[in-house]
Amino acid sequence: MIKTTKGSALYALSTLLALVVSSQHLSAQETDLTNAPNTIGAGIARSFAEQIGAGQGDLMTPNSSVFLIGRDPFRSIARGRSLFQRKFTHAEGNGPRTGDGMGNLDRDGSIAAGMTDSCAACHGRPRGSAGVGGNVFTRPDSRDAPHLFGLGLVEMLADEITSDLRASRDRALMLAKRYNRTLRVRLRSKGISYGSIIARPDGTVNTSRVQGVDEDLRVRPFFAEGSTISIREFAAGAFNAEMGLEAYDPILQQAAAGSDVATPSGMQLSGSMDAIEAPPTVSELDDPDGDGVVNEIPTSIIDHMEFYLLNYFKPGIGRQTYASRRGKKLMQKIGCTQCHIPNLVIDHDRRVADIETRYDPSQQGFNHLLATATPLFEEVDDGSGFATIKRPLGGRFVVRNFYGDFKRHDLGPAFHERNFDGSMQTEFVTEPLWGVGTTAPYGHDGRSIDLHEVILRHGGEAQHSRRLYQRLAGNDQEAITAFLNTLVLFPPLDTASNLDPADPTVPGFPQKGHGSIKLSVLFNNPTIIE
């Protein structure tokens, strides 16, 4: 029986922002209160063992990751958030980095990755967000850590584009065989052209005219060069390369071995078609880094992290002016939006809620932003006696102000990048512009100090648009950067919501982050803490 009652909206609107942004006083990197208590109680309330819970489990195993994702999803999001901020200890397996920093960088760039103790060390600005801030030596000329706002939307869009492109290829092969003739088929998805293929009656495909993606037509949206498919692979890889924490994950293990599997967050990993990145350890008892700690990142931790990032906030929209509105039109006029496409549509949204964050001059808190939460799930009573299953509606969703195209492009020598083996990386996936106003410096390597300079750095496929930009009058160039500066990230803890507008008259403001709703509203139970 499916229940779609007012309770669904109330549950989402009264818990989502609280659990995502407020676990007592979480702000950025946080210690574990069970390890490092303090007078004001700042830090993560649960021990790591408590966050691991009952393991991955299932819908009938309380406090397992699958149980929480299915029946109490906003608690899973909150747990993922506190794991993201957690400062891991050596006793929990933190370090050493790959090969303890020794080995052949030609074969494994992670050997030179930064050694840190939390995700927020590289992705922590603005305060308390999954934002920007890190720079790592995984390439000779360094890489800047990108922000993770809207990461779930990125994963879903890339996966749907892949499905569309492959469906076009498969249909072309079917028709070529049926009619015994060679067919040239254009590849398009979500209004974006990815070139064309030639399908032959013998079942072979000429992919020489495919544009922006690999010959297998898989869009790989993560990392500047476009090398990773899923949030789950990204998380397991980062735990290992940046923190020396080795995840045991049978889901990634099965997919890497060629099986088709679904993650608890609903991502379909097609091991039969794609090269899925294997987890760093194949057993809970293995200790590949030799630090004496096994099962450093259990599967349930990967589950919560994946679900948290799937549902993470998308970037916001800052204050609009006459100049910024004019700049938006000028971007289209000079051709920027041919690659930086403003809006894209998801056909099947796997999230349980959306948060829209926009400038609101009536807000009295930091940044004059207001976040509005909308539930995207239905409740299903399975008769188990447990809480209802919160099932994503799986509806259509328009991703606005994205400004990307999920294609690799060659932007000329100024963007080319050396690899440790002496080869050159010449193509990079179009960087979505959402959030760009608060992510300086710019470029995958952080070499460009401001928006004007990074625009002038464009060449190659973007050379024509750059020249048109250079020919604009100074105030027109400033209008374009004014618009780009309205595409912002924000500190969740300090951003007012439709549930708890920031009030500077409240005692303790702003240190306690009164822009987020408090735990006292959760299920009318103030004891729920993650």
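Look up: the structure comes first, before these words.
Residues numbered from 1 in each chain as written. Predicted model: local features only at pLDDT ≥ 70, side-chain atom pairs only at ≥ 80, totals over all residues. Heavy atoms only, no water.

### Let's talk about the sheet that holds strand S7 (residues 192-199)
Link 1 in the chain: Taken in spatial order, the three strands of this open sheet run S6-S7-S8, and their pairing is antiparallel. If you trace the sheet from one side to the other, it starts and ends with strand S6 (183-189) and strand S8 (205-206), each paired once.
Link 2 in the chain: Strand direction decides the pairing type here: S6 and S7, joined by six bridges, are antiparallel. Looking across to S7, one finds that Leu-183 is bridged to Ala-199.
Link 3 in the chain: Its contacts with the sheet put helix H5 (residues 151-179) on S6, S7 and S8, and the angle it makes with S6 is roughly 165°. (Pairing = 2+ DSSP bridges. Helix = DSSP H or I, 4+ residues; strand = E, 2+ residues; numbered from the N terminus. Contact = heavy atoms within 4.5 Å. Axes fitted to C-alpha atoms, helices over the stretch in contact; angles between N-to-C directions.)

### Focus on the layout of surface pockets
Link 1 in the chain: What the second largest pocket holds in volume is close to 260 Å³.
Link 2 in the chain: What lines the second largest pocket is a set of 16 residues, among which Pro-264, Arg-350, Lys-390, Arg-391 and Pro-392 lie closest to the centre.
Link 3 in the chain: The leading source of residues in the lining of the second largest pocket is strand S16 (residues 389-392), at four residues.
Link 4 in the chain: The residue inventory of the lining of the second largest pocket, partitioned by class, reads seven nonpolar, five polar and four charged. (1 Å grid on protein atoms, 1.4 Å probe; cavity = no way out; pocket = protein on both sides within 12 Å on 5 of 7 lines; lining within 4 Å. Points joined across faces, edges and corners; volume = space filled by probe spheres on them. Nonpolar A, V, L, I, M, F, W, Y, C, P; charged D, E, K, R; others polar.)

### Quick notes on the pattern of salt bridges
Link 1 in the chain: Taken as a whole, this structure holds 34 salt bridges when the rule is applied.
Link 2 in the chain: Between Asp-382 and Arg-71 there is a salt bridge; the shortest N-O distance is 2.5 Å. Of this pair, Asp-382 sits in the loop between strand S15 (377-380) and S16 while Arg-71 sits in helix H3 (residues 65-71), and the two are 311 residues apart along the sequence.
Link 3 in the chain: The salt bridge involving Arg-139 is made with Glu-417; its shortest N-O contact spans 3.5 Å. Separated by 278 residues along the polypeptide, Arg-139 in the loop between strand S4 (135-136) and strand S5 (143-144) and Glu-417 in strand S19 (residues 417-418) bring together distant segments of the chain. The pair Arg-139 / Glu-417 is uniform in exposure class, with both members buried. (Salt bridge = Lys/Arg side-chain N within 4 Å of Asp/Glu carboxyl O. Buried < 20%, exposed > 50% of the residue type's maximum accessible area, 1.4 Å probe, protein only.)

### Side note on the packing of aromatic side chains
Link 1 in the chain: Tallied over the entire structure, the rule returns 15 aromatic pairs.
Link 2 in the chain: Relative to Tyr-312, the ring of Phe-149 lies with its centre 5.0 Å away and its plane at 80°, an arrangement referred to as edge-to-face. Here Tyr-312 lies in the loop between helix H8 (299-310) and strand S11 (316-317) and Phe-149 lies in the loop between S5 and H5, a separation of 163 residues in the sequence. Across the pair, exposure class does not vary: Phe-149 and Tyr-312 are buried alike.
Link 3 in the chain: Taken together, the ring pairs in this structure connect Phe-84, Phe-149, Tyr-308, Tyr-312, Phe-313 and Phe-490 into an aromatic cluster.
Link 4 in the chain: Arg-351 extends its terminal NZ or CZ atom over the ring of Phe-397, reaching a point 4.4 Å from the ring centre. (Phe/Tyr/Trp six-rings, centres within 6.5 Å; stacked < 30°, edge-to-face > 60°. Lys NZ or Arg CZ within 6 Å of the ring centre and 35° of its normal.)

### Digging into the packing of helix H9 (residues 322-333) against helix H12 (residues 474-484)
For any two helices packed against each other, one specifies the crossing angle of their axes together with the interaxial distance.
Link 1 in the chain: Contact geometry for H9 and H12: axes closest at 7 Å, N-to-C directions at 100°. The angle between H9 and H12 places the two elements in the roughly perpendicular class. Every residue of H12 that contacts H9 at Ala-323, Ser-324, Arg-326, Gly-327, Lys-328, Leu-330 and Met-331 is listed here: Asn-475, Asp-476, Ala-479, Ile-480, Ala-482, Phe-483 and Leu-484.
Link 2 in the chain: Residues that form the contact of H9 with H12 fall into these classes: eight nonpolar, three polar and three charged. (Parallel < 35°, antiparallel > 145°, perpendicular 65-115°, else oblique.)

### Digging into the side chain of Thr-337
Link 1 in the chain: Relative to the helices and strands, Thr-337 is located in the loop between H9 and strand S12 (344-346).
Link 2 in the chain: Leaving out residues up to four positions away in the same chain, Thr-337 has contacts with Met-331, Gln-332, Pro-342 and Tyr-403.

### Section: unusual backbone geometry
Link 1 in the chain: In this model, Gly-95 is joined to Pro-96 through a cis peptide bond whose omega is -10°.
Link 2 in the chain: Position of Pro-96 among the secondary structure elements: in the loop between helix H4 (73-85) and strand S2 (123-125).
Link 3 in the chain: Between Ala-440 and Pro-441 the backbone carries a cis peptide bond, its omega angle lying at -5°.
Link 4 in the chain: Within the secondary structure layout, Pro-441 lies in the loop between strand S21 (428-429) and helix H10 (451-457).
Link 5 in the chain: A positive phi is found at Asn-63, a non-glycine position, where the angle reads about 65°.
Link 6 in the chain: Examined against the element boundaries, Asn-63 turns out to sit in the loop between helix H2 (48-52) and H3.

### Side note on helix H11 (residues 463-471)
Link 1 in the chain: All buried positions along H11 are accounted for by Ser-465, Arg-466 and Tyr-469. Around the axis of H11, the buried residues are gathered within 100° of arc, so they sit on the same side. Residues of H11 that are exposed and point over 90 degrees away from its buried face: His-464 and Arg-471.
Link 2 in the chain: Where H11 is buried, its residues touch H10 and H12. (Arc of directions from axis to C-beta.)

### Side note on the side chain of Ser-47
Link 1 in the chain: With respect to the secondary-structure elements, Ser-47 resides in the loop between helix H1 (6-21) and H2.
Link 2 in the chain: For Ser-47, a relative accessible area of 17% gives the class buried.
Link 3 in the chain: Discounting residues that sit within four places of it in the chain, Ser-47 has contacts with Asp-32, Thr-34 and Arg-86.

### Remarks on H8
Link 1 in the chain: Its 12 residues give H8 an end-to-end C-alpha distance of 16 Å, which sits within 8% of 16 Å, the value for a rise of 1.5 Å per residue.
Link 2 in the chain: The element H8 is largely enclosed, with a buried count of 12 among its 12 residues. (Expected span 1.5 Å × (residues − 1).)

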